[in-house]
Amino acid sequence: MLHAKAKEEPDRRFHALIDKVWREDFLAEAWRRVRRNGGSAGVDEETVADIESIGVERWLGELSRDLRDGTYVPKPVRQVLIPKKQPGKFRPLGIPCIRDRVAQTSALLVLEPIFEADLQPEQYAYRPGRSANDAVKRVHRLLNTGHNEVVDCDLSNYFGEIPHAELMKSIARRVSDGRMLGLIKAWLEMPVEEDDGKGGKRRSNRARRERKGTPQGSPISPLASNLYMRRFVLGWKALGYARRYCSEIVNYADDFCVVGKAPAADMLVAVKRLMDRLKLPINEQKTRCLRCPEEPIDFLGHRVGRNYGLHGRPYIGTRPSKASVQSICRRISEQTVARYGTMKTEEMVQRLNWMISGWANYYRHGQVGPAYAAINNHSTRRLRQWLCRKHKVKSGKYVRFPNPRLWKHYGLTCLEPKTQGLPWAKA
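Description of the structure in this document. No experiment lies behind these values; they were computed from the predicted model shown.

## Focus: the pattern of salt bridges
Stage number 1. All chains considered together, the criterion is met by 29 salt bridges.
Stage number 2. Measuring nitrogen to oxygen at the nearest pair gives 2.7 Å for the salt bridge that ties Arg 173 to Asp 118. A residue pair is termed long-range when its members are at least 10 positions apart, and Arg 173 in the loop between α9 (164-172) and α10 (178-188) and Asp 118 in the loop between α6 (98-116) and α7 (132-143) qualify at 55 residues.
Stage number 3. Judged by relative accessible area, which is 32%, Arg 173 ranks as partly exposed.

Pasting the structure below:
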């Protein structure tokens, strides 16, 4: 109902939303989603098992009462560092307490239908019926229709640089409920708890001090990132850049590229001008201008550029990027090291299959055959080495553990291309 009203009346502002956040049915659905997603405990160290031991209904009732009475106060976010692809680089990930995750998810159940009506077709992240693969398909389609100039843009710490004042304006354009707006502002300004490097903890509040940033990892962050990126997409069209450069933005969360027919260098100047107005810094080292297919583009783990068919005929197509193949192979290697030698074979194969199948479910379009072959070779070699260590086999390892036996007897997943007939996989 909220989505339909927002769609019918683009200028409508919604009031009296906060009472839905503490409703039993909304909180119960929010709890189910948080429980399904799993995740670690926050700074209060409260786990899902702890909540279930005292009773979910009682716990949700207390949260509902605090929200209704105005005594609810978000707790600090526990920050962990996730390694990036670049050695020595880390991405900060915020882990709110389960109590805050449930409250935010309940608010999202109210807010998402409203703002979904406003998000632009160029935005593909965190939306029903859309995915990263859809964004890659769109880039591929644009390249095949003569839009060969590309700005492959990288933003520096997008989630940490979103200015609160401008973001709250984007939210208040649709929401007039003061208590709801106050709740969102409180979530944006949650303190951060991190290791101090000496075995202790320290707390800081850069978000409140500098009035910018949203914790990457909290349920409210995807909506915040989409709403603020919407400003860039709308500005690109409203200022005439889309028409002038015959271009289109393809955006997924903090990743985006501009694909057009005008020189990429000219489009980059316009992108920088807009990003300066939005107070979002561009990573100059990673941002580049190129002409595809002469030079391929890596977007959302896919390489889009010139491929070659069975008879050597060139075409613009997609395939998993080199970095994405290296990433899954590195994960397989880490899983099959010597310290896991006491693990049951069935469990080891199950873990490998979970990794390989999850990767292949995402990378299933385009020219996947060479990547699949490389992963099959790596997974069979690593599992064979692991089995030989486990059973103390020093010779004849290929005789005792040939590839067919690893696939059929032990059940290791063997990847096979299944997209040869898809119309978009090859132009």
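## Description of the layout of surface pockets
Stage number 1. Size it by volume and the second largest pocket reaches roughly 510 Å³.
Stage number 2. In this structure, the second largest pocket is lined by 20 residues; those nearest its centre are Asn 37, Arg 101, Gly 217, Ser 218 and Pro 219.
Stage number 3. Among the secondary structure elements, those contributing two or more residues to the lining of the second largest pocket are α3 (24-37), β2 (90-95) and α6.
Stage number 4. Here the lining of the second largest pocket gets five residues from one element, more than from any other, and that element is α6.
Stage number 5. When the residues that make up the lining of the second largest pocket are grouped by side-chain class, the tally is eight nonpolar, eight polar and four charged.

## Topic: the sheet that holds strand β11 (residues 314-320)
Stage number 1. Strand order in the open sheet formed by three strands is β9-β10-β11, and the pairing between neighbours is antiparallel. If you trace the sheet from one side to the other, it starts and ends with β9 (297-299) and β11, each paired once. Recorded for the sheet is a direction-independent mean angle of 40° between the axes of neighbouring strands.
Stage number 2. Of the pairings in the sheet, the one linking strand β10 (residues 302-308) to β11 comprises seven bridges and is antiparallel in character. Looking at β11, one finds that His 302 is bridged to Pro 320.

## Regarding unusual backbone geometry
Stage number 1. Residues Cys 292 and Pro 293 are joined by a peptide bond in cis, for which omega reads 15°.
Stage number 2. Along the chain, the position of Pro 293 falls in the loop between β8 (288-291) and β9.
Stage number 3. Despite not being glycine, Arg 211 has its phi angle at roughly 55°, a positive value.
Stage number 4. By the element assignment, Arg 211 lies in the loop between α11 (206-210) and α12 (221-238).
Stage number 5. Its relative accessible area of 45% is what places Arg 211 among the partly exposed residues.
Stage number 6. The backbone of Lys 279 shows a phi angle near 65°, a positive value even though the residue is not glycine.
Stage number 7. On the secondary structure map, Lys 279 appears in the loop between α14 (264-278) and β8.

Each value, and the rule that gives it
Residue positions are counted from 1 within each chain, in the order its sequence is given. Whole-chain, interface and lining totals are the exception, using all residues; otherwise, since this is a predicted model, local features are given only for residues with pLDDT of at least 70 and side-chain atom pairs are given and counted only at 80 or more. Processing note: side-chain calculations cover all non-hydrogen atoms of the structure and skip hydrogens and water entirely. We define a salt bridge as a contact between a side-chain nitrogen of Lys or Arg and a carboxyl oxygen of Asp or Glu at a distance within 4 Å. In this text, helices come from DSSP runs of H or I with a minimum length of four residues, and strands from runs of E with a minimum of two, each type numbered from the N-terminal end. Three exposure classes are used, based on accessible area relative to the maximum for each residue type with a 1.4 Å probe and protein chains only: buried under 20%, partly exposed in between, and exposed over 50%. Here a cavity means grid points, on a 1 Å grid over the protein atoms only, where a 1.4 Å probe fits yet cannot get out; a pocket means an open set of points with protein on both sides within 12 Å along at least five of seven lines; lining residues are those with an atom within 4 Å of a point. Grid points are joined across faces, edges and corners, and a volume is the space filled by probe spheres set on the points. Just so you know the grouping, Ala, Val, Leu, Ile, Met, Phe, Trp, Tyr, Cys and Pro go in nonpolar, Asp, Glu, Lys and Arg go in charged, and all remaining residues, Gly too, go in polar. In short, DSSP must find at least two bridges between two strands for them to pair. Whenever a helix is involved, its axis is fitted only over the stretch in contact; in every case the axis is a line through C-alpha atoms, and angles between N-to-C directions fall within 0 to 180 degrees.

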